[in-house]
Amino acid sequence: MTHAVKTPDSSKALYGGTSSRRITVRDIAAAKARGEKWPMLTAYDAMTASVFDEAGIPVLLVGDSMGNCHLGYESTVPVTLDEITILASAVVRGTKRALVVGDLPFGSYQEGPVQALRSATRLVKEAGVQAVKLEGGERSAHQIEMLVQAGIPVMAHVGLTPQSVNAFGGYPVQGRGEEAAAQLLRDAKAAQDAGAFAVVLELVPAELAAEVTRSLHIPTVGIGAGAECDAQVLVWTDMAGLTGGRVPRFVKQYAQVRDVLAGAAREFAEDVVGGAYPAPEHSFR
């Protein structure tokens, strides 16, 4: 007697699946159980979010990285909850399928669980996000637990936490050395135990990230953390080549959007100066 071999149901895949409904944290957990890898990108406006949604990106993060690449700040620290709320609501309006995660910015949750719940509730009620993200493992466990108990899914973020740039003195790789590695693993497990549905690992040695991924039953989302994480995230302006100057070592640029936009702007300007635009077909009679 032979038994049919069960194969994964591709219709349920986070990327490439056939379902058109909104992705949920239950889908994220099921992907971990299937051993499925999935992509995540940042988004900060409705139009870009709609492009990524139509491309099938299952999770979009309205990250406080908007400070660097959208609002012109030198770091993520100045980003406010008002700014996150406005842009997150735009991303939600621009999507139909993607799970939208809103970042809790610096100063919106560090005071404790009550402040975290107030801030997260605003993002869920006013912006319509389906989950929130906050930085920290052990130090943020009480905040995570409070939010999860209130019914708000939480994505944690450990390793290099950009909101702590002033304490770190920059953006160094985290988890190097036995003591630091042990702390990072404790942070990831603390986030899991508090109820987080996923944890971002940023700027972590690949071997350590792989160990953390094997140790958790929730998915890990890598950014500069090697190939063994369950998912990978990039800031979209880095991924698409819109960011000017140097980009981090872990970034792969899949387009050169900055060059394309600059070329289009120059061509438009030359047409205007030379009288080629507007042509008769662009005018009304």
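Draft legend 1. Quick look at the overall build of the chain. Within the chain, the regular secondary structure consists of 11 helices and eight strands. A globule of 285 residues ought to have a C-alpha radius of gyration of about 19 Å, and the chain, at 21 Å, matches this closely. Taken along the three principal axes of its C-alpha coordinates, the chain extends 70 × 60 × 40 Å. When burial is assessed residue by residue, the chain has 48% of its 285 residues classed as buried.

Draft legend 2. Representation of the packing of helix H8 (residues 178-194) against helix H9 (residues 206-215) in the model. At a closest axis distance of 10 Å, the pairing of H8 and H9 adopts a crossing angle of 35 degrees. Note on packing geometry: the crossing formed by H8 with H9 is right-handed. Judged by residue contacts, Ala181, Leu184, Leu185, Ala188 and Lys189 of H8 engage Leu208, Glu211, Val212 and Ser215 from H9. Per-class residue counts for the contact of H8 with H9 are six nonpolar, one polar and two charged.

Draft legend 3. Geometry of helix H6 (residues 141-149). Buried residues of H6: Ala141, Gln143, Ile144 and Leu147, and no others. Projected onto a plane normal to the axis of H6, the buried residues spread over an arc of 160 degrees and lie on a single side. With respect to the buried face of H6, the exposed residues turned more than 90 degrees away are His142 and Gln149. Its buried side turned inward, H6 meets helix H5 (113-127), strand E4 (131-135), strand E5 (154-159) and H8. Positive phi appears at Gly151, one or two residues downstream of H6, with a value of about 95 degrees.

Draft legend 4. Examining the sheet that holds strand E1 (residues 38-42) more closely. Strand order around the closed barrel formed by eight strands is E1-E2-E3-E4-E5-E6-E7-E8, with parallel pairing between neighbours. Going across the sheet, the axis of each strand differs from the next one's by a mean of 25 degrees, ignoring polarity. Bridging between strand E3 (residues 99-103) and E4 involves three bridges; their strand directions are parallel. Its bridge partner being in E4, Asp103 is matched across the sheet by Lys133.

Draft legend 5. Structural context of the pattern of salt bridges. Using the criterion set out here, one finds seven salt bridges in the structure. Measuring nitrogen to oxygen at the nearest pair gives 2.8 Å for the salt bridge that ties Asp230 to Lys32. In this pair, Asp230 sits in the loop between strand E7 (220-223) and strand E8 (231-234) while Lys32 sits in helix H1 (residues 25-34), placing the two residues 198 residues apart along the sequence. Per residue, the accessibility class of Asp230 equals that of Lys32, and both read buried.

Draft legend 6. Here's a closer look at the packing of aromatic side chains. This model, assessed by the stated rule, comprises two aromatic pairs. Ring geometry for Phe52 versus Trp236: centroids 5.8 Å apart, planes at 65 degrees, classification edge-to-face. With Phe52 in helix H2 (residues 46-54) and Trp236 in helix H10 (residues 236-239), this pair connects stretches of sequence that are 184 residues apart. Trp236 shares its class with Phe52; the two are buried.

Draft legend 7. Spotlight on a nonpolar patch on the surface. There is a patch of nonpolar side chains on the surface, built from Phe268, Val272 and Tyr277 and spanning about 290 Å² of accessible area. Counting through the fold element by element, Phe268 comes out in helix H11 (residues 257-274).

Draft legend 8. The arrangement of the pairing of E3 in detail. By the criterion of burial, E3 is predominantly enclosed, with five of the five residues buried. Side chains Leu99, Val101 and Asp103 of E3 all project onto a buried face; the interleaved residues Val100 and Gly102 project onto the opposite face, where all are buried too. Sheet topology places strand E2 (residues 59-62) next to E3; four bridges connect them, and they run parallel. Note on E3: the bridge partner recorded for Leu60 is Val100. In this fold, the crossover linking E3 to E4 by way of H5 has right-handed handedness.

Draft legend 9. Expanded view of the packing of H5 against H6. Closest axis-to-axis distance for the H5/H6 pair is 8 Å, and the angle between their directions is 50 degrees. In terms of orientation, H5 lies oblique with respect to H6. Considering only the axes of H5 and H6, their crossing is right-handed. Between H5 and H6, the residues in contact are Pro113, Ala116, Leu117 and Ala120 and His142, Gln143, Met146 and Leu147, respectively. Of the residues assigned to the contact of H5 with H6, the class counts are six nonpolar, two polar and no charged.

What counts, and at which threshold
- Residues numbered from 1 in each chain as written.
- Predicted model: local features only at pLDDT ≥ 70, side-chain atom pairs only at ≥ 80, totals over all residues.
- Heavy atoms only, no water.
- Helix = DSSP H or I, 4+ residues; strand = E, 2+ residues; numbered from the N terminus.
- Rg over C-alpha atoms; globule rule 2.2 N^0.38 Å.
- Buried < 20%, exposed > 50% of the residue type's maximum accessible area, 1.4 Å probe, protein only.
- Axes fitted to C-alpha atoms, helices over the stretch in contact; angles between N-to-C directions.
- Left-handed = near helix turned anticlockwise from the far one by under 90°.
- Contact = heavy atoms within 4.5 Å.
- Nonpolar A, V, L, I, M, F, W, Y, C, P; charged D, E, K, R; others polar.
- Arc of directions from axis to C-beta.
- Pairing = 2+ DSSP bridges.
- Salt bridge = Lys/Arg side-chain N within 4 Å of Asp/Glu carboxyl O.
- Phe/Tyr/Trp six-rings, centres within 6.5 Å; stacked < 30°, edge-to-face > 60°.
- Patch = residues over 30% accessible without salt bridge, like charges linked within 9 Å, V, L, I, M, F, W, Y side chains within 5 Å.
- Areas by Shrake-Rupley, 256 points an atom, 1.4 Å probe, with all protein chains shown as cover.
- Right-handed = clockwise from strand over helix to strand, strands pointing away.
- Parallel < 35°, antiparallel > 145°, perpendicular 65-115°, else oblique.

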